[in-house]
Structures are given as C-alpha cells and as structure tokens.
Amino acid sequence: DQFDNLDKHTQWGIDFLEKYAKFVKERIEIEQNYAKQLRNLVKKYCPKRSSKDEEPRFTSCIAFFNILNELNDYAGQREVVAEEMGHRVYGELMRYSHDLKTERKMHLQEGRKAQQYLDMCWKQMDNSKKKFERECREAEKAQQSYERLDNDTNATKADVEKAKQQLNLRTHMADENKNEYAAQLQNFNGEQHKHYYIVIPQIYKQLQEMDERRTIKLSECYKGFADSERKVIPIISKCLEGMILAAKSVDEHRDSQIVIDCFKSGFEPPGDFPFEDYSQNIYRTISDGTISTPKQEGMRIDSKTTVGKAKGKLWLFGKKPKPQSPPLTPTSLYTSSTPNGSQYPIFSIEPVHYCMSDIKTGKPRIPSFRSLKRGYLYLQGPASEDFSHLPPEQRRKKLQQRIDELNRELQKETDQKDALIKMKDVYEKNPQMGDPGSLQPKLAETMSNMDRLRMEIHKNEAWLSEVEGKVAARSDRRHSSDINHLVTQGRESPEGSYTDDANQEVRGPPQQHAHPSEFDDEFEDDDPLPAIGHCKAIYPFDGHNEGTLAMKEGEILYIIEEDKGDGWTRARRHNGEEGYVPTSYIDVTLEKNSKGA
C-alpha cells in the first residue's frame, strides 16, 4: 500500500546514481586538466635545442631533463586514469541510468494500471450497492402503500390491486439489484485479493530487484573507480623510481670536469714581472766597470741546465744590463724569459707566421708537400673556418669534432661509391637491368664529393696539428728557456764577474742552433724521394688546390709515397714536378724491392 513512497524511493535512487556519475565526470575533468598542466609544465622547462652545442652536458641538467621526461610519463598515466574512468565508470553509469529509468517507468505503469483496475471494480460494486439500496427503499415504500390501501375500507379494489402490482415490481427489482450487488461484491473482493496478494507484490518485487541492481552497479563503479587508479600505480612507481635514479646520477666531480674542459684555454699563466732597478745608473758611476759577484745564497742550479761555466748570480749592486737582442727566431718571437725562468708571450706573431715570412723573403724555393700536409700552408684560411678566434684547447676540440663529422660523411660517400660500382658491374653483366653509363654522372659526383671531403679533412687536420704543435712547442720553449736563462739575461765573465763590455761576455749558443726547429726541417727538405713504383691515371684530375698535381687520363707518373689511408698518393712527373693525386683516380703498380723504402 506504499506505492507512492516506493515511487519516490526509486526516483531518489536514480537521482543518486546520476549524482555519482556527475562526480566521476568532474573527477575526470580534474585528471585531464592536471595531466594537461603537467605536460605544459614539462614543455615549458624542457630545453629547446636547435643545435648540438646547446645540448645539456652537466649531470645535474641531464638529471633534471630525465625528471621532466618521467614527469611527462606521469602525466600520461593521469590521462590513462581519466580515460579509464570515463570508459569504465562514467560511461557505464550513464548507460545504466538510462536503462534504469525505462525499467522503473514500466513497473510504475503496471502498478498504476492494477490500481486503476481495482478502483474500477470498486466503483462498479459501489454502484450496484447503491442501486440495490435504492430499490430496497422503493420496495419498502411500495409495501407500505399496499398495506395502507389494503387496510383502508374506503379504498377500491382496483387501487389495492395496483398497489400490489407496484409492490411486486419493486420487490422483483430489489431482488435483481441484490443479485447484481452480490456479484459485483464477489468480483471486487476477488480482484482486491488478487491486487494485494499477486499483482502488487510482483510489481514491488520487480522494483526491489531493480533497486538492488542499481546498488550493485554503484558498488561495481566504486570499485572500478579505485581500480582505474590502482592499475597505473606500478607505472607511476617506475616514474618515481626513474626520478630517484636521475637524482642519484648527479656527479659533482664530472660537472666540474666539464666546466674545466669547456673553458680550458690552453694558454700559459703569465710570468713574473722582472725587478726594475732605477738606481742602476747611480751605482754604475761609482763602479770601476767590474763588480765582483758574491756567492749565491739559497740557489742551486742543475749542471745539466747550465751553458758553459756560467752560473746564476744574485746581483746586489744593480740590475743586470739587458743583453743585446739575439737573432730573431720563431721561439724568440713568441716567448721571453724572466729572471726566474718563467715565460710570457711578447709578440702575437706565431712561429709558423715567422717561417712563412722567412720563406717569402729568402731564396725562392718550392716547399715540399710534407709541410702542406701538416697544415702550415693552410693558415691563410678565414678565422671563422679554422676557429683561430678560440683559445688553443677549445680550438683543438672544435677541429677534432669537425674532423670526426667529415670522416663520417666521407664514409657515407665511400659506401655510396662502392654501391654504385657494384651496381655498375651488375648493369655491365646484365644490360637488360639498366644502362651502366647512366651511373657515371652519379659516380663522378660521388668521387668529387669524396675529393672535397678529403681536402677538407686534410685542411682541418693541418689546423689540428698546428694547434697540437703549438702546445708541444710551448713545453719545449719552457724547458729551453730554463736552460738559456742565465746566458740570455745577463752577461758574465768566465770568472763569474759582471762586465759592461758586451764583447767580453760569455754567451750560450743561439737557441735555433741548440734546438733546431721543426720548421727548418720542413722547408729545407729538398732531397728528392726515390720512386717506389708507377701509376696510370684512370680519370683526369685538375689539381686546382695548392700541393696537388694535375694529371690527364692515361698519364704515367712515378709513385714516391704511398697512400697513408687518407686517400692521397704522392706522385712525380718526368720533369720532376711533384704533388698529391687522389688514390681512387689512379692505377698503382709498386716495385717489389722498393715498397718498404
């Protein structure tokens, strides 16, 4: 009998289901916004690398970028949570809510129909009851009228008969209405029993099952809501472990070494400033030209580093006069020694520049390609190309990186050339597969690229050897400066006394004689090398670059130096002209007994 209350309860259940669905939807929006904000945060702080120079090198930076990557993966897992909730929870709730409304509406309609049918039966029974009651009252009135006329002596027989017929009619109608009322009453009682014991209990049972299914669905959605989060916990844990590993990978010593390598210039520290004694002229006026030198105190010089019998002295009465300028040498142009043996640069002219100027002003001589190969003739290149604007150490690193890149490009071109040659051989053996002549332009282009890359590698290797040679030369000059310090800075007599006469002083040998420079070896090597074989030019070579030798197709040349693995062979014409030619352009034949010469 609580149909209306059950109607309200089932409606509340559906409203609660939709309320939870709305909660899940808002949670999904939070997850999506959270993931989006995390991705924007990662994108904001991720480096926008446009070149390799901007790549992170410090372990702390690399660790931070790894943390950003892990955070990006974490944001992806939040998106997975939102997607799983939307598909498994919210979508399922909305579909079930629609089905639940349809089912509830059907059950309520059945209950209303049963209630309406019972009301209709009650109305029919009530109508028959009222009609039976009315007919009974009419029959009682007819009976009273008949009895009054029957007892009245003045009434006629006809009136009595009429009243009797009226009584019989009313009595008959009352009996019929009685039977009709009894039938309607019996029918209503049956329908009422059926309504309260069969129809309504069945409808309420269906509503109860529907409500219980709704409760079960809510329980499943609660579980699915938690499972959506629990499924991504292992991956999120891995993301957090990745962040911890990134934090542990930070190495402060390695970062410090990177800073050292990045800013290391390769220059030597400046030397000590010499003592400038302005009282020198005062003491010189009262001296007789020779001042005995007292024994040195606290100063011991290795006999291996002394020249002749000269020994270092402490000058008590004045500054040692400056020696006459020694002949200009590459070393003297670059460094100068202080009294304590240290060096500091005094000219910006480098040794190789001095040698170049010496070659230009000296007797005309064609330098050998050996020096060209080492890079001394490539110094005329632009500063931006040879990194001459950088400190020596940074320049060496940049040149080494460029050489590595050029070698990789050369290897690619070599592989392409080998592939083209193989394809050409296949076309020559099987003409139906293609024309071998069609590959010749591509092959020539590849060979040209290889020559260009080899020349670039030679040029950069020359610059690199120049930088490395300077570093080695600085260490040699430091050692040589320590040796010649005592004889180049002061003038001493054989007895160890100071003298004003420059002609009486004992001088050490000039530095260029004591330590011959490698530049002299390079440019004074005029002895012709013996031929170790001969070659025939397969392709013509123009030889525009300095140090190369032009040749025509089919020309015969002498081989005086084999290919050292750089793709160039040194050759000589019959007239004595020498130069380098591409090894891939010639067919080499070496003498059996001269190969190891």
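Throughout what follows, the structure given in this document is the object of discussion. None of the values given here were measured: they were computed from a predicted structure. (Residues numbered from 1 in each chain as written. Predicted model: local features only at pLDDT ≥ 70, side-chain atom pairs only at ≥ 80, totals over all residues. Heavy atoms only, no water.)

**Quick word on the sheet that holds strand β9 (residues 586-590)**
- What the five strands build is an open sheet, ordered β8-β7-β6-β5-β9; its pairing is antiparallel. Looking at the sheet topology across the chains shown, the edges are occupied by β8 (578-582) and β9. Going across the sheet, the axis of each strand differs from the next one's by a mean of 40 degrees, ignoring polarity.
- One ladder, built from four bridges, connects strand β5 (residues 533-537) with strand β6 (residues 556-561); its direction is antiparallel. Within β6, the residue paired with Lys536 across the bridge is Ile556. (Pairing = 2+ DSSP bridges. Helix = DSSP H or I, 4+ residues; strand = E, 2+ residues; numbered from the N terminus. Axes fitted to C-alpha atoms, helices over the stretch in contact; angles between N-to-C directions.)

**Structural notes on the pattern of salt bridges**
- For the structure shown, the criterion picks out 27 salt bridges.
- For Glu133, the salt bridge identified is with Arg137, shortest N-O distance 3.1 Å. Residue Glu133 and its partner Arg137 are both found in helix α2 (residues 59-151); the two are separated by four residues, about one turn of the helix.
- A relative accessible area of 42% means that Arg137 is categorised as partly exposed.
- Here the residues in one salt-bridge network are Arg27, Glu31, Arg78 and Glu229, joined through shared partners. (Salt bridge = Lys/Arg side-chain N within 4 Å of Asp/Glu carboxyl O. Buried < 20%, exposed > 50% of the residue type's maximum accessible area, 1.4 Å probe, protein only.)

**Here's the deal with the packing of aromatic side chains**
- Per the stated rule, a full pass over the model turns up eleven aromatic pairs.
- On the basis of an interplanar angle of 85 degrees and a centroid distance of 6.3 Å, the ring pair of Tyr34 and Tyr74 is categorised as edge-to-face. Taken as a pair, Tyr34 in helix α1 (residues 3-45) and Tyr74 in helix α2 lie far apart in primary sequence, 40 residues in all.
- Measuring from centroid to centroid gives 6.0 Å for Phe132 and Tyr181, while their planes differ by 5 degrees, and the two rings are stacked. One end of the pair, Phe132, is in helix α2; the other, Tyr181, is in helix α3 (residues 157-231), with 49 residues separating them in the sequence.
- In this structure an aromatic cluster arises from ring pairing among Tyr20, Phe23, Tyr222 and Phe225.
- Its end group placed over the ring of Tyr96, Lys217 keeps NZ or CZ at 5.5 Å from the ring centre. (Phe/Tyr/Trp six-rings, centres within 6.5 Å; stacked < 30°, edge-to-face > 60°. Lys NZ or Arg CZ within 6 Å of the ring centre and 35° of its normal.)

**Some remarks on the nonpolar core**
- Core analysis: the biggest nonpolar cluster contains 34 residues, and Tyr20, Val24, Val89 and Leu93 have the highest contact counts within it.
- Secondary structure elements with two or more residues in this core: α1, α2, α3 and α4 (233-248).
- A total of 14 residues in this core trace back to one element, the largest contributor, which is α2.
- When residues no more than four places from it in sequence are discounted, the contact partners of Leu93 are Leu17, Tyr20, Ala21, Val24, Lys217, Leu218 and Cys221.
- Counting 21 residues, the second-largest nonpolar core is a separate cluster that includes Met450, Leu453, Leu557 and Ile559. (Core = buried A, V, L, I, M, F, W, Y, C linked by side-chain atoms within 4.5 Å. Contact = heavy atoms within 4.5 Å.)

These figures come from the coordinates and say nothing about function on their own.
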